[in-house]
Amino acid sequence: MRERIRSFAQSPWAICAVAAVVSIAAAAFSAAFPLLATDTACRYAPMAEAFAAGEWIEAFHPRFGVGMSVAGGLAVRLFGMDGYSACSLVSAFAWGLGVLPVFRIAERVFDRRTAWFAAILYVICPQMLVWALKGLREPFKALGILLMADALFRCRGSGWLNFAEAACGLLLLFTFKVDGVVVGGAFAVAYAVLDRFRARTWALAAWGLLAVQPMCWLVFEWTGAWLPAPQYAPYFHRLFGG
Amino acid sequence: MDALFAWLFRRPVPLSLAGAHFLPFALLAWVVILGRAVTGRFSRREWALFAVFAVCYALETVQLMAAGFGFLGDDTYGLPRYFGVLAPILWIWAAWSLASVWSAASGGWRTFLCRAAVVAAIAWIAISQNYGQVEPAYSRGAIPDVHVACSKAARIISRDYAGPERQEKPRRVLQEYYSSRRPVVFSDFGAVAWMLRGQSEGAQQSSGYCPYPDDYLFIRVGSGYGTIETVDARQYDYMGTVKGLGTEWRLFRRKTTPHR
């Protein structure tokens, strides 16, 4: 039995299995017992329902990104649940997936044993779990940061799977929170330097540019400035007029 | 004291520090980081990981200071959880310390003691922290009290309201999201309107940006949102008192709100 546990822990699929189980369990629990939070009740839940109903004007707001409306809206559409439960579900799922990059980063920096302890600490930490149960966007941002950090640690000599990881992280950072754009941009620059501007770097740059376009369009609609986040619009207008 | 905390939490730097206080993980992590850095045991990868943490923290703080969500107003707005997303990076050092204790002793009862200590620490953290944070959110404390009060108010409002389900002229506000759903309820706890399931919206009156007049007011007695005395009797009808688990709330209807 002990040997079996040890060989399971050594398997690269073990943490994937743990991440999948934690994500699905957290998502199911949060959908069944969502915690009430004003932010989700007044913003993300109605936005998700509006997205599911195809009411685009009500579905998006530049201050809150496009990610939560789309993710929550798809959950409303797919599972036929209300907006609040849908936001809790996707948020909890994202929180659960965070186990995987935490494990991989800890394994890279220290060793596999530390990685397992990091995964355990991540799962038992209540603060992040509460945010997830409330259907907030923070678990997505945390997942984006962790994915990008892991991609940075493994980008030298890695293949296109590493690019996929970075692309997912960048997408999350660019679309879920407006303060994630600068952080995502900094990660992208660091990735380019570590990758020595090879093909993946340019692919990631193209992907990043593509990923911010929905937000740029949304901010342009509201402020008249083609920017990935609305808080810079006043500075943009001050510099370029308008 | 509340005013001091309110002021501090509107300043980016103390706000960012509040985000780092994910005890007990963060405390353990900072001890390990300082210990390893001072004794020169920090590896290059650890420095790289710490750089990721520090740069993300700095960028978040600078954004709050420079951009400051300035379109919201003159003041900076932020929450500790904006920084809390970086906490899992810190926990990796906490995990290293646990892993080190786990494999510290070699053989015999010392190994058993070390591993028992680690298991006990993890179990204590899991139970005490989750019991302290998650469980009360469901069974007692502030949120369930509000939950109970708001559920009751939502039932009363849904029976009372007889107006349209949508605003006739939807308006957009850059500072805050407002859907066009009705009735609009201004409350200490904005989620009350969500409980009206697809017919309403909880608006945060304190932000002052809501483009629609409120249909109902739902105020907790003796709390910060507004005082009962300030409710203008010429504009609102008092509908009654609603009790949560431990708090008392007052429900008002605007005189112009269509009702049964």
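Conventions used here
- Residues numbered from 1 in each chain as written.
- Chains lettered and ligands numbered in written order.
- Predicted model: local features only at pLDDT ≥ 70, side-chain atom pairs only at ≥ 80, totals over all residues.
- Heavy atoms only, no water.
- Helix = DSSP H or I, 4+ residues; strand = E, 2+ residues; numbered from the N terminus.
- Rg over C-alpha atoms; globule rule 2.2 N^0.38 Å.
- Buried < 20%, exposed > 50% of the residue type's maximum accessible area, 1.4 Å probe, protein only.
- Contact = heavy atoms within 4.5 Å.
- Areas by Shrake-Rupley, 256 points an atom, 1.4 Å probe, with all protein chains shown as cover.
- Patch = residues over 30% accessible without salt bridge, like charges linked within 9 Å, V, L, I, M, F, W, Y side chains within 5 Å.
- Salt bridge = Lys/Arg side-chain N within 4 Å of Asp/Glu carboxyl O.
- Lys, Arg positive; Asp, Glu negative; His and termini not counted.
- Charge placed at Lys NZ, Arg CZ, Asp CG, Glu CD.
- Phe/Tyr/Trp six-rings, centres within 6.5 Å; stacked < 30°, edge-to-face > 60°.
- Lys NZ or Arg CZ within 6 Å of the ring centre and 35° of its normal.
- Core = buried A, V, L, I, M, F, W, Y, C linked by side-chain atoms within 4.5 Å.
- Pairing = 2+ DSSP bridges.
- pLDDT = per-residue confidence, 0-100.
- Domains from an automatic or database assignment.
- Polar contact = N/O pair within 3.5 Å; in protein donor to acceptor, adjacent residues only side chain to side chain.
- Nonpolar A, V, L, I, M, F, W, Y, C, P; charged D, E, K, R; others polar.
- Axes fitted to C-alpha atoms, helices over the stretch in contact; angles between N-to-C directions.
- Parallel < 35°, antiparallel > 145°, perpendicular 65-115°, else oblique.
- Left-handed = near helix turned anticlockwise from the far one by under 90°.

A. Representation of the overall build of chain A within the structure. Helix and strand counts for chain A stand at 14 helices and 0 strands. Counting from the amino terminus, helix and strand elements in chain A follow one another as α-α-α-α-α-α-α-α-α-α-α-α-α-α. At 19 Å, chain A has a C-alpha radius of gyration in line with the 18 Å of a compact globule built from 242 residues. When its C-alpha atoms are laid out on the principal axes, chain A stretches across 65 × 45 × 25 Å. Burial status across chain A gives 62% buried among its 242 residues. Considering only intrachain contacts with a sequence separation of at least 6, the fraction spanning at least 24 residues in chain A is 66%. Only carbon and sulfur atoms are counted for the fraction: they give 71% of the accessible area of chain A, which is about 9,500 Å².

B. Highlighting a positive patch on the surface. All names here are of chain B. Taken together, the side chains of Lys 152, Arg 155, Arg 159 and Lys 243 define a basic patch exposed on the protein surface. The element that contributes the greatest number of residues to the positive patch is helix α8 (residues 142-160), accounting for 3 residues. Among the secondary structure elements, Lys 243 is positioned in strand β4 (residues 236-243).

C. A look at the packing of aromatic side chains. This structure, assessed with the given rule, holds 26 aromatic pairs over all chains. Judged by centre distance (5.3 Å) and plane angle (70°), the rings of Trp 160 of chain A and Phe 163 of chain A are edge-to-face. Of this pair, Trp 160 of chain A and Phe 163 of chain A are both found in helix α11 (residues 160-175), 3 residues apart, which corresponds to roughly one turn of the helix. Considering the side-chain rings of Phe 50 of chain B and Phe 53 of chain B, the 6.1 Å spacing of their centres and the 35° angle between planes classify their relative orientation as tilted. Linking Phe 50 of chain B with Phe 53 of chain B, this pair stays in helix α4 (residues 44-67), spanning 3 residues, or about one helical turn. Taking the relative accessible area as the measure of exposure, Phe 53 of chain B reaches 4% and is therefore buried. By the ring-pair criterion, three or more aromatic residues cluster together here, those being Trp 30, Phe 42, Trp 47, Phe 50, Phe 53, Tyr 57, Phe 83 and Trp 93 of chain B. One cation-aromatic arrangement involves Arg 36 of chain B over Trp 96 of chain B; the distance from NZ or CZ to the ring centre is 4.3 Å.

D. Spatial organisation of the nonpolar core. Ile 145 and Phe 187 of chain A together with Ile 89, Trp 91 and Trp 93 of chain B are the most contacted members of the largest nonpolar core, which totals 122 residues. With 11 residues, the single largest contributor to this core is helix α10 (residues 138-153) of chain A. Apart from the residues lying within four places of it in its own chain, the contact partners of Ile 145 of chain A are Leu 173, Val 183 and Phe 187 of chain A together with Cys 56, Val 85, Leu 86 and Ile 89 of chain B. The next biggest cluster of nonpolar side chains, apart from the first, holds 25 residues, and it includes Val 146, Ala 191, Val 242 and Trp 249 of chain B.

E. View of the pairing of β4 of chain B. Residues and elements named next belong to chain B. Pairing analysis gives 7 bridges linking β4 to strand β5 (residues 248-254), with the strands arranged antiparallel. Bridge pairing in β5 places Tyr 238 opposite Phe 252. Counted along the chain from β4 to the antiparallel partner β5, the turn is 4 residues long.

F. Seen up close, a nonpolar patch on the surface. Where nonpolar side chains cluster on the molecular surface, the patch consists of Val 189, Val 193, Phe 197 and Trp 202 of chain A and spans about 450 Å² of accessible area. Along the chain, the position of Phe 197 of chain A falls in the loop between α12 (180-195) and α13 (199-223).

G. Quick peek at the confidence of the model for chain B. All names here are of chain B. Considering every residue of chain B, the mean pLDDT works out to 77; 71% of them sit at 70 or more. Across residues 69-76, confidence stays below pLDDT 50; counting only partners more than four residues off in sequence or on other chains, it has 23 contacts. Across the interface, the model reports ipTM at 0.91; the global pTM reads 0.89.

H. Representation of the interface of chain A and chain B in the model. Listed as interface residues are 71 residues of chain A and, on the opposing side, 68 residues of chain B. Taken together, chain A and chain B are joined by 6 salt bridges. Close ionic contact of Glu 60 of chain B with Lys 141 of chain A constitutes a salt bridge, the shortest N to O distance being 2.6 Å. In terms of residues, the side of chain A that touches chain B owes the most to one element, helix α3 (residues 38-52) of chain A, which gives 9 residues.

I. Local environment of the side chain of Glu 60 of chain B. Mapped onto the fold, Glu 60 of chain B is located in helix α4. If we ignore the near neighbours within four places in the chain, the residues touching Glu 60 of chain B are Lys 141, Asp 179 and Val 183 of chain A together with Tyr 82 and Phe 83 of chain B.

J. Up close: the domain arrangement of chain A. Residue and element names in this part refer to chain A. Domain annotation of chain A identifies domain 1 (1-136) and domain 2 (137-233). Among the salt bridges present, the one from Arg 154 reaches Glu 107, with a minimum N-O distance of 3.6 Å. Counting every contact that joins domain 1 to domain 2 gives 7 residue pairs in polar contact (both at pLDDT 80 or more). Taken together, the elements giving at least two residues each to the side of domain 1 that touches domain 2 come down to α5 (67-79), α6 (83-97), α7 (99-109) and α9 (126-133). Examining the composition of the side of domain 1 that touches domain 2, we find that 7 residues originate from one element, α7, more than from any other. Residues belonging to the side of domain 1 that touches domain 2 are distributed by class as follows: 20 nonpolar, 6 polar and 4 charged.

K. The packing of α12 of chain A against α13 of chain A, seen in detail. All names here are of chain A. Direction vectors running N to C along α12 and α13 enclose 165°, while the axes themselves pass 8 Å from each other. Relative to α13, the element α12 is oriented roughly antiparallel. Read as a crossing pair, α12 and α13 show a hand that is left-handed. Between α12, through Tyr 191, Ala 192 and Asp 195, and α13, the contact on the second element is made entirely by Arg 200, Thr 201 and Leu 204. A breakdown of the residues in the contact of α12 with α13 according to their chemical character gives 3 nonpolar, 1 polar and 2 charged.

L. Structural detail: the packing of helix α2 (residues 12-32) of chain A against α7 of chain A. All names here are of chain A. Close contact between α2 and α7 brings their axes to 8 Å; oriented N to C, the two are set at 150°. With respect to their mutual orientation, α2 and α7 come out roughly antiparallel. Contact with α2, carried on its side by Ile 15, Cys 16, Val 18, Ala 19 and Val 22, involves Val 99, Leu 100 and Phe 103 of α7 and no other residues of that element. Class assignment for the residues of the contact of α2 with α7 results in 8 nonpolar, no polar and no charged.

M. Structural context of the side chain of Arg 181 of chain B. Along the chain, the position of Arg 181 of chain B falls in the loop between α8 and β1 (184-187). Arg 181 of chain B sits in the buried class, given a relative accessible area of 5%. A distance of 2.8 Å separates the side chain of Arg 181 of chain B from the side chain of Glu 49 of chain A, its partner in a polar contact.

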